[in-house]
Amino acid sequence: MKTVFVCLALILVVAGCSKPRVYAPDDVVARASYRHSGPPSLTLYTMVNNRTGNGAHTGLLINASERVIFDPAGSFYSEATPERHDVLFGITPGMEKGYRSAHARSTYHVVSQTIDVSAAQAQTAYQLALQAGPVMDALCTSSTSELLSQVPGFESIKSVMSPNKLMKQFGQIPGVTTTKYYEDDDADLQKALEEGVTPLTQ
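Owing to the predicted nature of the structure, the values given are computational and were not obtained by experimental measurement.

Caption draft 1: Structural context of the side chain of Arg100. Note on placement: Arg100 falls in helix α3 (residues 93–103). A relative accessible area of 16% means that Arg100 is categorised as buried. Other than its neighbours up to four places away in sequence, Arg100 contacts Tyr45, Val110, Ser112 and Tyr181.

In C-alpha cells:
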C-alpha cells in the first residue's frame, strides 16, 4: 500500500496530472493529423526519477492510421498537438521529440520501449485510446496497462498502478527495443514545456 501511495504522489507532483479536460474540434484535429511512414508500432514511455529510479508517469505512442500519443492525465501541451480526452494528435517526428524533451530534465529521464505490431493491432490500440479518456488524476499507468491488455497479442499485460511494473512487463514482450533519453534542463515541467516545445510549433 505504501508503494502505491508513493507512486501516486510522484505522479501528481511531478507529472502534473491535474489539468483541464479538453476536446479539440474536428477541423483542428483534421488539420493536425499526421500519418507516419514507419511500420505500425507501439512505444511505451516511462518517466523515471533520476535519483530514486521510481517511475512518475506513463504515456503510449501509437503509430496506426495516424500517429498519436495517449497521454493519460498528463501535462504535455502544444498548440501543434490538439488534444481529445488525453489523446494528442499531430505527432510528427519533431513533436515526438518535443514530448520526450519536455519530460526529460535534470530530475527525470524518459525510457522508450518500442515494438512493431500489425496494422490491426495498432488500429485496435488507437481506437481504445480514443475511447479511454479522459483519465482521472494519477491513473495514467492503470489506464495504459488496461488499454494494452485489450490489444491482441498483449493479453499478458496485467493492470498495474506502478509505471515501473508496467515498464517491466512491456519489456518482457519479444521484439521490444529500449532507449533512454536524458536532458539537463530545468526541473520545472512547465518551464521545460515552454523551452522545449515552443520552437517546434513555429
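Here the narrative resumes, following the displayed structure.
Caption draft 2: How the structure looks around the pattern of salt bridges. Applying the stated criterion across every chain yields a total of 3 salt bridges. Residue Asp26 is joined to Arg84 by a salt bridge in which the shortest nitrogen-to-oxygen separation is 2.2 Å. Of this pair, Asp26 sits in helix α2 (residues 26–32) while Arg84 sits in strand β4 (residues 83–84), and the two are 58 residues apart along the sequence. Here Asp26 falls in the exposed class, since its relative accessible area comes to 58%. Residue classification places Arg84 among the buried residues on the basis of a relative accessible area of 15%. Notably, a salt bridge pairs Glu96 with Arg100, separated by 2.8 Å at the nearest N-O pair. Placement of the pair is Glu96 and Arg100 together in helix α3, with a separation of 4 residues, close to one helical turn. Here Glu96 and Arg100 have matching classes, each one buried.

Caption draft 3: Region of interest: helix α4 (residues 119–132). The end-to-end C-alpha distance of α4, which contains 14 residues, comes to 20 Å, matching closely the 20 Å that a straight helix rising 1.5 Å per residue would cover. The set of residues buried in α4 consists of Gln121, Ala122, Ala125, Tyr126, Leu128 and Ala129. End-on view of α4: buried residues confined to an arc of 165 degrees, all on one side of the axis. Across from the buried face of α4, at angles greater than 90 degrees, the exposed residues are Ala119, Ala120 and Gln131. Buried residues along α4 sit against β1 (41–49), β2 (55–63), β3 (67–70), β5 (87–88) and α5 (140–149).

Caption draft 4: Layout of the sheet that holds β5. A sheet is described by the order of its strands in space; here 7 strands give the open sequence β4-β5-β3-β2-β1-β6-β7, paired in antiparallel fashion. On the outer flanks of this sheet lie β4 and β7 (177–181), each paired with one strand and no other. Two strands pair when backbone bridges link them, and β4 and β5 are joined in this way by 2 bridges, in the antiparallel orientation. For Glu83, the partnering residue across the bridge sits in β5 and is Leu88. The strands that α4 touches are β1, β2, β3 and β5; relative to β2, the one it contacts most, it runs at about 125 degrees. Relative to β2, α5 is tilted by about 35 degrees, and along the sheet it contacts β1, β2 and β3.

Caption draft 5: Summary view of the nonpolar core. Counting residues in hydrophobic clusters, the biggest one holds 29 residues, and the most contacted among them are Leu42, Leu60, Ile62, Ile115, Leu147, Phe154 and Phe170. Of all the secondary structure elements, the ones that give two or more residues to this core are β1, β2, β3, α4, α5 and α6 (163–171). Broken down by element, the residue count for this core peaks at 5 residues, all from α4. Setting aside residues up to four positions removed in sequence, Phe154 forms contacts with Leu42, Ile115, Val117, Gln121, Leu148, Ser149, Phe170 and Ile173.

Caption draft 6: Structural detail: α6. Restricting attention to buried positions, one finds in α6 the residues Pro163, Leu166, Met167, Gln169 and Phe170. Within α6, the buried residues cover an arc of 165 degrees as seen down the axis, which keeps them to one side. Structural note: α6 exposes Lys165 and Lys168 on the side pointing more than 90 degrees away from its buried face.

Calculation rules
- Residues numbered from 1 in each chain as written.
- Predicted model: local features only at pLDDT ≥ 70, side-chain atom pairs only at ≥ 80, totals over all residues.
- Heavy atoms only, no water.
- Helix = DSSP H or I, 4+ residues; strand = E, 2+ residues; numbered from the N terminus.
- Buried < 20%, exposed > 50% of the residue type's maximum accessible area, 1.4 Å probe, protein only.
- Contact = heavy atoms within 4.5 Å.
- Salt bridge = Lys/Arg side-chain N within 4 Å of Asp/Glu carboxyl O.
- Expected span 1.5 Å × (residues − 1).
- Arc of directions from axis to C-beta.
- Pairing = 2+ DSSP bridges.
- Axes fitted to C-alpha atoms, helices over the stretch in contact; angles between N-to-C directions.
- Core = buried A, V, L, I, M, F, W, Y, C linked by side-chain atoms within 4.5 Å.

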